[in-house]
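# Tertiary structure, described
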Amino acid sequence: MFTDMGVSLDVAALDSAFRAWLADTMPGGTYRAWVADAVSDTTERSSASIVAGGGITILPWPPGPRYMGDRLAFVYNVYTEPAHRRRGLARLIMDTIHDWCREAGIASVALNASQHARQLYEAMGYYVSPDPMMFFPMLKV
């Protein structure tokens, strides 16, 4: 995903850091993820590979003028492998996230959209906030 976005990275370092983060956040339900797989039949065996996925972090969030809830789901890492794009997998992942949030009583979902995904998110009802998120890197990577 990051390579497709033109972001340079140390794959091994990111993989290690992300696995440690998952081990910390998944057991308590702070982070949740959904994947779609493609099954391929071979003469010897059937195998499945993940071809799309996405995740959310559930954040405590104060009520405000547009939302009276107490939690926010922040979506990220929604990605579909190039060979499987334009088949509705990203929409399926997002619909599944929305369904889970409704059932969990989370009424607000936020995300940062890449230029490639903006059309999908806008078609689903997302809009650009008048107050875009900003970042300040405390540690240089």
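Right above here is the structure, for reference.
Residues numbered from 1 in each chain as written. Predicted model: local features only at pLDDT ≥ 70, side-chain atom pairs only at ≥ 80, totals over all residues. Heavy atoms only, no water.

### Observations regarding the packing of aromatic side chains
The test is simple: Here the aromatic set is Phe, Tyr and Trp, taking the six-membered ring for Trp, and pairing holds for ring centres within 6.5 Å; pairs whose planes are under 30 degrees apart are stacked, those over 60 apart are edge-to-face, and all others are tilted. Segments assigned H or I by DSSP are reported as helices when at least four residues long, segments assigned E as strands when at least two residues long, and all are numbered from the N terminus. Only protein chains enter the accessibility calculation, which uses a 1.4 Å probe; a residue is then buried when its area is under 20% of its type maximum, exposed when over 50%, and partly exposed in between.
In the structure shown here, the tally under the stated rule is 8 aromatic pairs. With a centroid separation of 6.4 Å and an interplanar angle of 80°, the aromatic rings of Phe18 and Tyr31 are classed as edge-to-face. A residue pair is termed long-range when its members are at least 10 positions apart, and Phe18 in helix H1 (residues 11-25) and Tyr31 in strand E1 (residues 31-41) qualify at 13 residues. Residue classification places Tyr31 among the buried positions, given a relative accessible area of 6%. For the pair Trp21 and Tyr76, a centre-to-centre distance of 6.4 Å together with 55° between the ring planes defines the contact as tilted.

### Things to note about the environment of Ile106
In this fold, Ile106 is placed in the loop between helix H2 (89-104) and strand E4 (109-111). Residue classification places Ile106 among the buried residues on the basis of a relative accessible area of 4%. Remark: the alpha-carbon pair of Ile106 and Arg71, spanning 35 residues in sequence, is separated by 6.1 Å.

### Notes on a nonpolar patch on the surface
Going by this rule: For patches, a residue must show more than 30% relative accessible area and have no salt bridge; joins then use 9 Å for like charges and 5 Å for nonpolar side chains, namely Val, Leu, Ile, Met, Phe, Trp and Tyr. To be clear on the numbers: accessible area is Shrake-Rupley with a 1.4 Å probe, and residue cover counts the displayed protein chains and nothing else. A carboxyl oxygen of Asp or Glu within 4 Å of a side-chain nitrogen of Lys or Arg is what we treat as a salt bridge.
Taken together, Phe2, Met5, Val7, Leu9, Val11 and Leu14 make up a surface patch of nonpolar side chains, about 490 Å² in accessible area. Structurally, the position occupied by Val7 is in the segment before H1.

### Let's talk about the pairing of strand E3 (residues 71-80)
To keep things clear, this is the line we draw: If DSSP finds at least two bridges between two strands, the strands pair. Orient the strands so they point away from the viewer; a crossover is then right-handed if the path from the first strand over the helix to the second runs clockwise.
The buried fraction of E3 amounts to 7 of the 10 residues, a majority that puts the element mostly inside the structure. As paired elements, E3 and E4 share 3 bridges and run parallel to each other. Paired with Phe74 across the bridge in E4 is Ala110. Each parallel crossover has a hand, and for E3 linked through H2 to E4 it is right-handed.

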